Amino acid sequence: STAMREKRAFQDVPLHCLTTPGEKRVIRLNGKPVYDQDGGFLGYRGTGTGITAEWRASASAKVLRDSIENLATGLSVFNADRRLVVMNRIGAELLALPQDMTVPGTLFDDMIRHMSHRGSLGTGHEEEHVRGEVGLFTHLIPSRFEHVRTDGRVIEVNRRRLPGGGVISTYADVTDRKRVEDAL
């Protein structure tokens, strides 16, 4: 690190080590320079903390995030409290949701209210849509249905219950397939 080359204090510097063939360890280093009485640099005094498990978990989380974002279909996951855990870009696009509706922690009810307000859920009062969708969320059995957007695109939605009470949904644009089916 630059701080070490300049003989300054450093903090949270990761050191990647190979301990045995193919086994990587990561240590987080912190250090302060030590000088002799004449001002000569002697080295560093500091600490090292093993963070291999944390580093591996972070790397795995990045692979998972990248995988979710690069799916060919849209995806959303809500926890048992009906809060958004993750939604990929394609899911947000297919549901025509603004960015502030795709932030982790967004309440499912608010997302439905937004979609109802813009007319995406058909006729009826917003709160009726929210109650109906929350009821489906709460008592969900695996389901597959098609949602026709106001612009005519047809989105296939697949919903499944997750262990712990959450819900995972996938979204696919099936507009072209529906046109072919309708033409037959």
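Above this text is the structure in question.
How each quantity is defined
- Residues numbered from 1 in each chain as written.
- Predicted model: local features only at pLDDT ≥ 70, side-chain atom pairs only at ≥ 80, totals over all residues.
- Heavy atoms only, no water.
- Phe/Tyr/Trp six-rings, centres within 6.5 Å; stacked < 30°, edge-to-face > 60°.
- Lys NZ or Arg CZ within 6 Å of the ring centre and 35° of its normal.
- Helix = DSSP H or I, 4+ residues; strand = E, 2+ residues; numbered from the N terminus.
- Buried < 20%, exposed > 50% of the residue type's maximum accessible area, 1.4 Å probe, protein only.
- Polar contact = N/O pair within 3.5 Å; in protein donor to acceptor, adjacent residues only side chain to side chain.
- Contact = heavy atoms within 4.5 Å.
- 1 Å grid on protein atoms, 1.4 Å probe; cavity = no way out; pocket = protein on both sides within 12 Å on 5 of 7 lines; lining within 4 Å.
- Points joined across faces, edges and corners; volume = space filled by probe spheres on them.
- Pairing = 2+ DSSP bridges.
- Axes fitted to C-alpha atoms, helices over the stretch in contact; angles between N-to-C directions.

(A) View of the packing of aromatic side chains. For the coordinates displayed, the defined rule picks out six aromatic pairs. With centroids separated by 5.3 Å and ring planes inclined at 75°, the aromatic side chains of phenylalanine 41 and tyrosine 44 adopt a geometry described as edge-to-face. Chaining the aromatic ring pairs together yields one cluster made of Phe10, Tyr35, Phe41 and Tyr44. The residue whose ring lies beneath arginine 161 is phenylalanine 137, and the NZ or CZ to ring-centre distance is 5.8 Å.

(B) Here's a closer look at the side chain of arginine 149. Among the structural elements, arginine 149 can be located in the loop between strand S6 (143-148) and strand S7 (154-161). Take arginine 149: its relative accessible area is 14%, and that puts it in the buried class. At 3.1 Å, the side chain of arginine 149 forms a polar contact with the backbone oxygen of glutamate 93. Those residues in contact with arginine 149 that lie beyond four places of it in its chain are Glu93, Leu94, Leu95, Ala96 and Ile155.

(C) Layout of the layout of surface pockets. Taken as a whole, the largest pocket holds about 270 Å³ of empty space. Taken together, 19 residues line the largest pocket, and the ones lying closest to its centre are Ile112, Met115, Leu121, Glu133 and Arg159. Every element with two or more residues in the lining of the largest pocket is listed here: strand S4 (74-78), helix H4 (108-117), helix H5 (126-138), S6, S7 and strand S8 (167-173). The biggest single contributor to the lining of the largest pocket is H4, with four residues.

(D) Molecular detail of the sheet that holds strand S3 (residues 41-50). The strand order S1-S2-S3 describes an open sheet built from three strands, whose pairing is antiparallel. What marks the edges here is a single partner per strand, and that holds for strand S1 (10-20) and S3. Adjacent strand axes in the sheet meet at a mean angle of 40° when their direction is disregarded. Pairing of strand S2 (residues 23-35) with S3 involves nine bridges; the strand directions are antiparallel. Bridging across to S3, isoleucine 27 finds its partner in glycine 50. Contacts from helix H2 (residues 52-69) reach S1, S2 and S3 within the one sheet, and its direction differs from that of S2 by about 120°.

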